[in-house]
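Breakdown of the fold
Chain by chain, the residues run as shown.
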Amino acid sequence: MSETIILEKVNRVAVLTLNRPKALNALNAELLECLMQHVSELSNDPDTGCIVITGSEKAFAAGADIKEMSDMSYIDMVMPDHFGRHNAIENCRLPIIAAVSGYALGGGCELAMMCDFILAADTAQFGQPEITLAIIPGIGGTQRLTRAIGKAKAMEMILTGRLMDAEEAERAGLAARIIPADELMAETMMVAEKIAGFSRPSVYAAKESIKRSFEVSLAEGLHYEQRVFYPLFATEDQKEGMAAFMEKRKPKFKHK
């Protein structure tokens, strides 16, 4: 598989590192294809409980590869369904954490927002500067950024191309937390390993219920939550988790 993505497994956590350092991890077709293939395979790996996507200290991803895109026509863009490949992240049942250091711009910001939450280094810079290239965000920027930070801030950022630093990103709700840059991966791995240690069926249910809340009314969301809550009482892990709690010991989940 392409070396544009480095895969490392640590216990039940898979770390996918974007690896185009000379291009500040600009997202070209090869990198995206490799990334989505890894995510698809890991999603069905019983030995993986959480995925981390990260880049380098300078850049998570500084945007799409403009050199690759500059001469493309409408037909070149629409016929291969360039953006359809991103469904692998959207459809992944495992939690995916974006560990962002440095620039997360354009497609890089959109990739981070596709993940379930963002842990940001204090050096992180987020933005959707596509307007400066006479285009707009094309893989979810206008939709996910607006849902994350609200209409006013999303309008201002997308219409001006202004960047948002880590402190503002956390305050606005784009990033879950800010972490010192030299501690980012260590802290991210602690979070990922904690998630991966929980019962996989309950993690699936929690993630799916939260995602559902963005798509339906509150009443339907509450009904959906109940529908996925009740079946968890048919799992071995629910019995183990509650027994361990009462016996004041650490549970040993089998993900069943």
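Let me begin by describing the structure that accompanies this report. Since we're looking at a predicted model, the values are computed, not measured. (Residues numbered from 1 in each chain as written. Predicted model: local features only at pLDDT ≥ 70, side-chain atom pairs only at ≥ 80, totals over all residues. Heavy atoms only, no water.)

**What to know about the packing of aromatic side chains**
Just so we agree on the cut-off: Each pair of aromatic rings taken from Phe, Tyr and Trp, with Trp reduced to its six-membered ring, is defined by centres within 6.5 Å and is described as stacked if the planes are under 30 degrees apart, edge-to-face if over 60, and tilted in the remaining cases. When a residue's accessible area, from a 1.4 Å probe over protein chains only, is under 20% of the maximum for its type it is buried; when over 50% it is exposed; and in between it is partly exposed. The criterion is that NZ of a Lys, or CZ of an Arg, lies within 6 Å of the ring centre and within 35 degrees of the ring normal, and then a charge sits over that ring.
The final tally for this structure, using the stated rule, is 2 aromatic pairs. Their ring planes at 65° and their centres at 5.8 Å tell us that F229 and Y230 sit as a pair that is edge-to-face. Judged by relative accessible area, which is 44%, F229 ranks as partly exposed. Aromatic pair F229 and F233: ring centres 5.3 Å apart, planes at 65°, arrangement edge-to-face. Residue F233 is classed as partly exposed on the basis of its relative accessible area of 37%. Ring pairs connect the aromatic residues F229, Y230 and F233, which therefore count as one cluster. Sitting above the plane of the Y204 ring, R93 keeps its charged end 3.9 Å from the centroid.

**Some details on the nonpolar core**
Going by this rule: Nonpolar cores were defined as sets of buried Ala, Val, Leu, Ile, Met, Phe, Trp, Tyr and Cys residues, with membership established by side-chain atoms within 4.5 Å. Per the convention used, a helix needs a DSSP run of H or I reaching at least four residues, while a strand needs a run of E reaching at least two, with both numbered from the N terminus. A contact between two residues is defined here by any heavy atoms of the two lying within 4.5 Å.
Residues I53 and F126 are the most contacted members of the largest nonpolar core, which totals 47 residues. With 7 residues, the single largest contributor to this core is helix α1 (residues 29-43). Excluding residues within four positions of it along the chain, F126 makes contact with V100, A104, L105, C109, I118, A120, M157, R162, L163, M164, A169 and L174. Counting 16 residues, the second-largest nonpolar core is a separate cluster that includes V13, A121, M189 and V203.

**Topic: the side chain of E130**
Under the convention used in this document: Asp and Glu are treated as the negative residues and Lys and Arg as the positive ones, with His and the ends of the chain left uncounted. The term salt bridge refers to a pairing of a side-chain nitrogen on Lys or Arg with a carboxyl oxygen on Asp or Glu at a separation within 4 Å. Whenever two N or O atoms come within 3.5 Å, that pair is a polar contact, provided that in protein one can donate a hydrogen and the other can accept it, and provided that, for residues adjacent in sequence, both atoms are side-chain atoms.
Tracing the backbone through its elements, the reader meets E130 in the loop between β8 (125-127) and α6 (141-149). The buried charged residue E130 lacks any salt bridge, with R144 as its nearest oppositely charged partner at 11 Å. Side chain to side chain, E130 and Q128 meet in a polar contact 3.0 Å long. Once residues lying within four places of it in the same chain are set aside, the contact partners of E130 are G106, G107, E110, I135, I136 and P137.

**What to know about the packing of α6 against helix α7 (residues 151-160)**
The condition is simple: Orientation is described by lines fitted to C-alpha atoms, with helices fitted over the stretch in contact, and by angles between N-to-C directions that extend from 0 to 180 degrees. Roughly parallel means an angle under 35 degrees; roughly antiparallel, over 145; roughly perpendicular, 65 to 115; everything else is oblique. Handedness of a helix crossing follows the sense of rotation of the near helix relative to the far helix, less than a right angle counterclockwise being left-handed and clockwise being right-handed. Residue classes follow a fixed rule: Ala, Val, Leu, Ile, Met, Phe, Trp, Tyr, Cys and Pro count as nonpolar, while Asp, Glu, Lys and Arg count as charged, and any other residue, Gly among them, counts as polar.
Direction vectors running N to C along α6 and α7 enclose 140°, while the axes themselves pass 7 Å from each other. With respect to their mutual orientation, α6 and α7 come out oblique. As α6 packs across α7, the resulting crossing turns out to be right-handed. Note on element contacts: α7 touches α6 through K151, K153, A154, M157 and I158, opposite G141, T142, L145, T146 and I149. Of the residues that constitute the contact of α6 with α7, the class distribution is 5 nonpolar, 3 polar and 2 charged.

**Regarding the sheet that holds strand β7 (residues 117-121)**
Rules: Strands were regarded as paired on the criterion that DSSP finds at least two bridges between them.
Spatially, the 6 strands line up as an open sheet ordered β1-β2-β3-β5-β7-β10, and their pairing is mixed. Strands at the two margins of the open sheet, each flanked by one partner only, are β1 (5-10) and β10 (177-179). Neighbour-to-neighbour, the strand axes of the sheet open up by a mean angle of 25°, direction not taken into account. Bridging between strand β5 (residues 96-100) and β7 involves 4 bridges; their strand directions are parallel. Along β7, the bridge assignment pairs A98 with I118.

**What about the layout of surface pockets?**
Rolling a probe over the atoms, with the probe sized like a water molecule, indicates the empty space that remains. Worth spelling out the cut-off: In this analysis a 1.4 Å probe is tested at points of a 1 Å grid over the protein atoms alone, and where it fits but cannot get out there is a cavity; an open set with protein on both sides within 12 Å along at least five of seven lines is a pocket; lining residues have an atom within 4 Å of a point. Grid points are joined across faces, edges and corners, and a volume is the space filled by probe spheres set on the points.
Considered as a void within the structure, the largest pocket measures approximately 940 Å³ in volume. Residue assignment for the lining of the largest pocket shows that the elements contributing at least two residues are α4 (87-91), α5 (107-114), β7, α6 and α10 (200-212). If one sorts the elements of the lining of the largest pocket by residue count, α10 sits on top with 7 residues. When grouped by side-chain class, the residues that make up the lining of the largest pocket number 18 nonpolar, 2 polar and 9 charged.

**A closer look at the environment of E208**
Tracing the chain through its elements places E208 in helix α10. Distance from E208 to P95, taken between C-alpha atoms, is 9.8 Å for residues 113 residues apart in sequence.

**What to know about the pattern of salt bridges**
In the structure shown here, the tally under the stated rule is 11 salt bridges. In this structure, the salt-bridge partner of R162 is E168, at a minimum N-O distance of 3.0 Å. Judged by relative accessible area, E168 falls into the buried class, the value being 10%. A salt bridge links R249 to E247; the shortest N-O distance between them is 2.6 Å. For R249, a relative accessible area of 33% corresponds to the partly exposed category. Members of the salt-bridge network, linked through shared partners, are K153, E156, R162 and E168.

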